[in-house]
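Read off the chains here:
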Amino acid sequence: MVEQIRKNFSSDNVVPACPAVMSALMAANEGAAPAYGADAWTARLQQVAADVFQHAVQVFPVTTGTAANALALAAITPPYGAVLCDESAHIVQSECGAPDFYTGGARLLTIPSEDGRMDPAALSYVLDRHPASNVQDNLPTTLSLTQATEWGTVYDPARIADLTARARARGLAVHLDGARLANAIVHLGCTPAEATWKAGIDVLALGATKNGAMAAEAVIIFDPARAEQFARRRKRGGHGWSKQRFLSAQLLACLEDDLWLNNARQANAMAHRLAGGLFRHPGARLVYETQANEIFVMLPDRAIAHLRAAGFVFRDWPTPLGVEGTVVRLVTSYYTRVADVDAFLATWRK
Ligand SMILES: Cc1ncc(COP(=O)(O)O)c(C=O)c1O
Ligand SMILES: C[C@@H](O)[C@H](N)C(=O)O
């Protein structure tokens, strides 16, 4: 079984929870604790998150990234609203309409991009064509960005600040899908504050599951006005855990002592090693620069078949417009070792 997981590059969703998280869960499993978020771990999580992000925050643990995104969007988007997002956004492509459902029918208005990173000029172009005065149209109320993006690219904070400034100038609130935010922060070498509220983010869906947690994500709200009734919204959506201490214990393990950033550092380093090895092979063509822990690469069909016959697991990926050939996605994680990357590359070279 261990041998198989070491060959699985399909997603950071497939790896085990890291030992520190499992230890934190066992430590939290002692005795009784108040339910529904009134426990000591959830209380401490508020302060730890405020320290990490250097800002007063309200933290609402949930167990899936889809729930975090959909509930966060519902908190800032009315049913008649529109969420402007990249055409590749997870909230559009992989959440089965949860954002539409939880917002009560708001429209996800997609904007094309070359690499998953929204162009500020494109945002302004779309905003100009959906004026607030047109009551026959959904009202643009929300900008949603993903950092790191679904194509494994990373916005620099200046680009995010430009996007959020244009959005806020039109009265939009800003959501960040941070399923792989730690990977972006490590790549940028910036602080969590610079990657979020200082760049104009109002509500963050912070991912931990892909980065070492068993099942824990957090909606982190920087603007208290947008936190009103969120606990009720979460409960109504069926995501209010009775034994919330077990979610908060995972998030505390990740945020305390920079485990989340150290895990992301390992994931990114392994992705860079793998991308570097692939770059040196004439048959491989990297579709995007590898900036986080996901690699999108075009490989010859023969090589793909050879790797899979050797037991390596990875996903074919929808080929970007204008790109000919077969694109695959390779994902590394905190669990990926140098030996795993080198085994992939050695097999590839045969
Ligand atoms: C960019 C992004 N956002 C959100 C999620 C959360 O999805 P899930 O509901 O599967 O936890 C994922 C899942 O891997 C993702 O890749
Ligand atoms: C849905 C799938 O894309 C998942 N979010 C992943 O990154 O593996």
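Residues numbered from 1 in each chain as written. Chains lettered and ligands numbered in written order. Predicted model: local features only at pLDDT ≥ 70, side-chain atom pairs only at ≥ 80, totals over all residues.

Next up on the list: the overall build of the protein. Check the secondary structure of the protein and you find 15 helices and 11 strands. Radius of gyration (C-alpha) of the protein: 20 Å, near the 20 Å computed for a compact globule of 350 residues. The principal-axis extents of the C-alpha atoms in the protein amount to approximately 60 × 55 × 30 Å. Residue burial in the protein is summarised as follows: out of 350 residues, 49% are buried. Nonlocal contacts in the protein, meaning residues at least 24 apart in sequence, comprise 77% of its contacts between residues at least 6 apart. (Helix = DSSP H or I, 4+ residues; strand = E, 2+ residues; numbered from the N terminus. Rg over C-alpha atoms; globule rule 2.2 N^0.38 Å. Buried ≥ 20, exposed ≤ 12 C-beta atoms within 10 Å, placed from the backbone. Contact = placed C-beta atoms within 7 Å.)

Glancing now at the sheet that holds strand β8 (residues 285–286). Spatially, the 4 strands line up as an open sheet ordered β8-β9-β11-β10, and their pairing is antiparallel. Across the chains shown, the open sheet's two edge strands, defined by having one partner strand only, are β8 and β10 (315–317). Where β10 lies against strand β11 (residues 327–331), 3 bridges are found, and the strand directions are antiparallel. Within β11, the residue paired with tryptophan 317 across the bridge is valine 327. Each of β8, β9 (294–298) and β11 touches helix α13 (residues 259–279); the most contacted strand, β9, lies at about 15° to it. (Pairing = 2+ DSSP bridges. Axes fitted to C-alpha atoms, helices over the stretch in contact; angles between N-to-C directions.)

Those places that UniProt annotates as "domain: Aromatic amino acid beta-eliminating lyase/threonine aldolase" (unreviewed entry) correspond, in this numbering, to residues 9–297. The distance from the first to the last C-alpha atom of residues 9–297 is 13 Å, and the span holds 41% helix and 16% strand. (UniProt positions renumbered as here; feature names shortened; annotations may be inferred.)

Attention now moves to the packing of helix α7 (residues 120–128) against helix α8 (residues 157–169). Contact pair α7 / α8: the axes reach a minimum separation of 9 Å and the direction vectors enclose 15°. Judged on the interaxial angle alone, α8 and α7 are roughly parallel. When you trace α7 past α8, the crossing you get is right-handed. From α7, Pro120, Leu123 and Ser124 reach across to α8, where they touch Asp162, Leu163, Arg166 and Ala167. When its residues are assigned to classes, the contact of α7 with α8 shows 4 nonpolar, 1 polar and 2 charged. (Parallel < 35°, antiparallel > 145°, perpendicular 65-115°, else oblique. Left-handed = near helix turned anticlockwise from the far one by under 90°. Nonpolar A, V, L, I, M, F, W, Y, C, P; charged D, E, K, R; others polar.)

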